[in-house]
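Here's the letter readout for the chains.
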Amino acid sequence: MKNITVATQPFSDQRPGTSGLRKKVSVFQQPHYLENFVQATFDALGGVKGKQLAVGGDGRFYNREALQTIVRLGLGNGLKKLVIGQGGILSTPAASCVIRKYGLDGGFILSASHNPGGPHGDFGIKFNTANGGPAPEKITEAIYQKSLGLDRYLTVESPDIDLDTQNRFMIGEMAIEIIDPVSDYADLMMELFDFPAIAKLLQDQDFAFLFDAMHAVTGPYAEEIFCRRLGAASTSLINCTVKPDFGGGHPDPNLKYAKDLVRIMFGEKAPALGAASDGDGDRNMILGDNFFVTPSDSVAVIAANAHLIKGYRKGLKGVARSMPTSCALDAVAKELNIDCYETPTGWKFFGNLLDAGKLTICGEESFGTSSDHIREKDGLWTVLFWLNLMAIKKISVKEIVAAHWQHFGRNYYSRHDYEEVDNKAANQLVDDLRKRFERLRGTRFGSLEITKADDFSYLDPIDNSLSKQQGIRLIFKDKSRIILRLSGTGTSGATLRLYFEKVEKNPAGMNLETQTALAQLIKLADDLFAIKKITGRSEPTVIT
Ligand code: VG1
Ligand code: CO
């Protein structure tokens, strides 16, 4: 092994977005691109001499090559230990679990989450800190600044290591541990949920369960947890082989992309519970027999019922949701008499509150829910929560949600995404809107009156960091909301996200189809923002 210092030049586009650095695979394949980012991260940490990190990814194309690069930079930078998921695999929640369990200083997760993979798809890398959570903005910004001034990186000349055998060995001064990527995470799930009760439910002839891993990272986790530890039939799992291109699909668990699951769950004789997870295993979609659970409702149901579940019997310290997520969770918090925090989009904003012991459950409308057991959103945790809840309640998913609405009210909710919109046009739209806040306040549109028009900013109550321009909000007198923001995870053009919410407290009005219930708000948004005109699209790319 020979240590080398490689001269390099900065890339100007290495600012991490909502969840790490995401680019087309071809961008990451450029000479020095990944090396620069990893070195910038090490530099932002003040060097990694004597430190211990984890690394693994969602199995997408370029995962293995990237991992070998990180091993070499670790060696070049004097890292003490690298813990690697066998085969280069670690789901995002499992990486968070491993960092916490073994007291590591952080880790890299190689993933572009729900973005498509393969040689023409996306690749990504995110850094998580010692608490197991996504690096906060302070650190991602420091990485970016380091990347802009980088003129060298430290690496070694050494052959690839064997990623496929669980093993411990030394290369020079650095220890490498290739671990089972599943077992630590599966053990943690057994501490939180009543596995015997779930196993009994899964063996019930009248209960069918279907999980779709979308050819992404949760495949091996689902096999271990649902089949081996809980005795589910192998027919309960579909698309559970990890493929570097996710089978050509879009590993995003929603009604549009989880096609195989949706066809079965909305067919005749559908299973009682259906679920899917995304590329890196942190998202989830929950479906009942011919029924879709809106993620904002899912986190509210979870919070309302957590006291029934083994790991949460002591009750909740508090809850949190990202700003665009519906206020269904707020209603639960009010009844439980606990705080409900509203944070910007992205899991990194929950980290400080979780570390300070202010939260137990948190969620995002974008199919993300989790608790304080780790510092990431957690797809399989959510599925296990619903299974455990069904084992206790012995009623259908639809009945659980309907009962929740009857008690707390229903927050009709939908997100409309316009993908690959011209960057300039999208930014112009947002800038123009910011200038119109004054005029919009107090304006009436039929029965709707705008009481608040602003740009959400967030002051972190723990470290007082301020995050501005986190989404435009129009809030109406009847508590309806229209929110607009630009995505921070896309890789081509801009993605415009529009979020609609309408609160219904009258039980008689709770059975409308969602888009119908929101029609007035949807039309108003188009009138006010001229979305169709500006994007040149007659309808959204994805509706969730
Ligand atoms: C999206 C979601 C956000 C989520 C993020 C990462 O971000 O809206 O809620 O935290 O993806 O999820 P954006 O900036 O595109 O709206 V994942 O599963 O990609 O780690
Ligand atoms: Co994800």
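Residues numbered from 1 in each chain as written. Chains lettered and ligands numbered in written order. Predicted model: local features only at pLDDT ≥ 70, side-chain atom pairs only at ≥ 80, totals over all residues. Heavy atoms only, no water.

1. Description of the packing of helix α6 (residues 183-192) against helix α13 (residues 379-393)
Relative orientation of the contacting elements α6 and α13 amounts to 30°, with a least axis distance of 11 Å. Between α6 and α13, the angle is such that the two are roughly parallel. Crossing angle aside, the handedness with which α6 passes α13 is right-handed. Counted together, Tyr-185, Met-189 and Leu-192 of α6 and Leu-380, Trp-381 and Leu-384 of α13 form the full contact between these two elements. A per-class count over the contact of α6 with α13 returns 6 nonpolar, no polar and no charged. (Axes fitted to C-alpha atoms, helices over the stretch in contact; angles between N-to-C directions. Helix = DSSP H or I, 4+ residues; strand = E, 2+ residues; numbered from the N terminus. Parallel < 35°, antiparallel > 145°, perpendicular 65-115°, else oblique. Left-handed = near helix turned anticlockwise from the far one by under 90°. Contact = heavy atoms within 4.5 Å. Nonpolar A, V, L, I, M, F, W, Y, C, P; charged D, E, K, R; others polar.)

2. Digging into the sheet that holds strand β14 (residues 291-293)
With mixed pairing, the 5 strands of this open sheet are ordered in space as β11-β10-β12-β13-β14. On the outer flanks of this sheet lie β11 (237-238) and β14, each paired with one strand and no other. Bridge count between strand β10 (residues 209-212) and strand β12 (residues 273-277): 4 bridges; the pairing is parallel. Bridge pairing in β12 places Phe-211 opposite Ala-275. Contacts between α13 and the sheet are confined to β10, β12, β13 (284-288) and β14, with β12 contributing the most and set at about 170° to the helix. (Pairing = 2+ DSSP bridges.)

3. Remarks on the domain arrangement of the protein chain
The figure often quoted for interface size is the accessible area lost as the parts come together. On domain assignment, one finds that the protein chain holds domain 1 (2-180), domain 2 (185-408) and domain 3 (410-543). One C-alpha centre belongs to domain 1, the other to domain 2, and the line joining them spans 28 Å. The partner domain 2 presents 34 residues to the 34 residues of domain 1 that form the contact. Of the roughly 2,400 Å² buried between domain 1 and domain 2, counting both surfaces, carbon and sulfur atoms make up 60%. Per-residue buried area on domain 1 facing domain 2 is highest for Pro-93, His-114 and Pro-134; these three make up 23% of the total on that side. At the junction of domain 1 and domain 2, the tally comes to 2 salt bridges. Among the salt bridges present, the one from Asp-282 reaches Lys-126, with a minimum N-O distance of 3.9 Å. Elements with a minimum of two residues in the side of domain 1 that touches domain 2: α4 (92-101) and β6 (122-129). (Domains from an automatic or database assignment. Buried area = accessible area lost by both parts, 1.4 Å probe. Salt bridge = Lys/Arg side-chain N within 4 Å of Asp/Glu carboxyl O.)

4. Considering the layout of surface pockets
Estimates place the volume of the largest pocket at around 1,100 Å³. In terms of lining residues, the largest pocket is bounded by 38 residues, among which Gly-17, Thr-18, Leu-486, Ser-487 and Gly-488 are the most central. Of all the secondary-structure elements, those providing two or more residues to the lining of the largest pocket are β2 (21-24), α5 (137-148), α15 (423-435), β25 (481-486) and β26 (494-504). If one sorts the elements of the lining of the largest pocket by residue count, α15 sits on top with 5 residues. Here the second largest pocket defines a volume of roughly 680 Å³. For the second largest pocket, the lining is made up of 42 residues, of which His-114, Asn-115, Thr-489, Gly-490 and Arg-497 are closest to its centre. It is strand β19 (residues 410-421) that provides the largest number of residues to the lining of the second largest pocket, a total of 4 residues. Grouping the constituent residues of the lining of the second largest pocket by class yields 6 nonpolar, 18 polar and 18 charged. (1 Å grid on protein atoms, 1.4 Å probe; cavity = no way out; pocket = protein on both sides within 12 Å on 5 of 7 lines; lining within 4 Å. Points joined across faces, edges and corners; volume = space filled by probe spheres on them.)

5. Observations regarding the pattern of salt bridges
Scanning the entire structure with this criterion turns up 39 salt bridges. Salt-bridge contacts for Lys-317 lead to Asp-372; the nearest nitrogen and oxygen are separated by 3.6 Å. Residue Lys-317 is located in the loop between α10 (295-305) and β15 (318-322), and its partner Asp-372 is located in the loop between β18 (368-371) and α13; the two are separated by 55 residues in the primary sequence. Residue class for Asp-372 comes out partly exposed when judged on its relative accessible area of 22%. In this structure, the salt-bridge partner of Glu-449 is Lys-477, at a minimum N-O distance of 3.9 Å. Residue Glu-449 is located in strand β21 (residues 448-455), and its partner Lys-477 is located in the loop between β24 (472-476) and β25; the two are separated by 28 residues in the primary sequence. A residue is classified by how much of its surface remains accessible, and Lys-477, at 58% relative accessible area, is exposed. (Buried < 20%, exposed > 50% of the residue type's maximum accessible area, 1.4 Å probe, protein only.)

6. A closer look at the nonpolar core
Phe-211, Phe-226 and Leu-387 are the most contacted members of the largest nonpolar core, which totals 77 residues. With 10 residues, the single largest contributor to this core is α13. Ignoring anything within four residues of it in the chain, the contact list for Phe-226 reads Phe-209, Phe-211, Gly-231, Ala-232, Leu-237, Leu-380, Val-383, Leu-384 and Leu-387. With 39 residues, the next largest nonpolar core counts Leu-21, Val-25, Tyr-153 and Ile-161 among its residues. (Core = buried A, V, L, I, M, F, W, Y, C linked by side-chain atoms within 4.5 Å.)

7. Here we look at unusual backbone geometry
Located in the positive-phi region is Phe-246, a residue other than glycine, with phi close to 55°. By the secondary structure assignment, Phe-246 is in the loop between β11 and α9 (259-265). Judged by its relative accessible area of 2%, Phe-246 is buried. One non-glycine residue, Phe-367, adopts positive backbone phi at about 65°. The topology assignment puts Phe-367 in the loop between β17 (361-364) and β18. Overall, Phe-367 belongs to the buried group, its relative accessible area being 4%.

8. Concerning the coordination of the cobalt ion (ligand 2)
Only Ser-113 (OG), Asp-278 (OD), Asp-280 (OD) and Asp-282 (OD) from the protein reach the cobalt ion (ligand 2) as donors, at distances of 2.0 to 2.1 Å. Coordination of the cobalt ion (ligand 2) draws on donor residues from a single chain, spaced S-x164-D-x1-D-x1-D in sequence. Judged by its relative accessible area of 0%, Asp-280 falls in the buried class. Residue Asp-282 is classed as buried on the basis of its relative accessible area of 2%. (Donors = N, O, S within 2.8 Å, 3.2 Å for Na, K, Ca; no water.)

9. Topic: the pairing of strand β4 (residues 81-89)
Among the 9 residues in β4, 7 count as buried, and that is most of the element. In terms of strand pairing, strand β3 (residues 52-57) meets β4 through 5 bridges, oriented parallel. Each bridged residue has a counterpart across the sheet, and for Val-55 the counterpart in β4 is Ile-84. Handedness of the crossover joining β3 and β4 through helix α3 (residues 63-76) is recorded here as right-handed. Pairing between β4 and strand β9 (residues 174-179): 5 bridges, direction parallel. Bridging from a neighbouring strand, Ile-84 pairs with Ile-178 of β9. (Right-handed = clockwise from strand over helix to strand, strands pointing away.)

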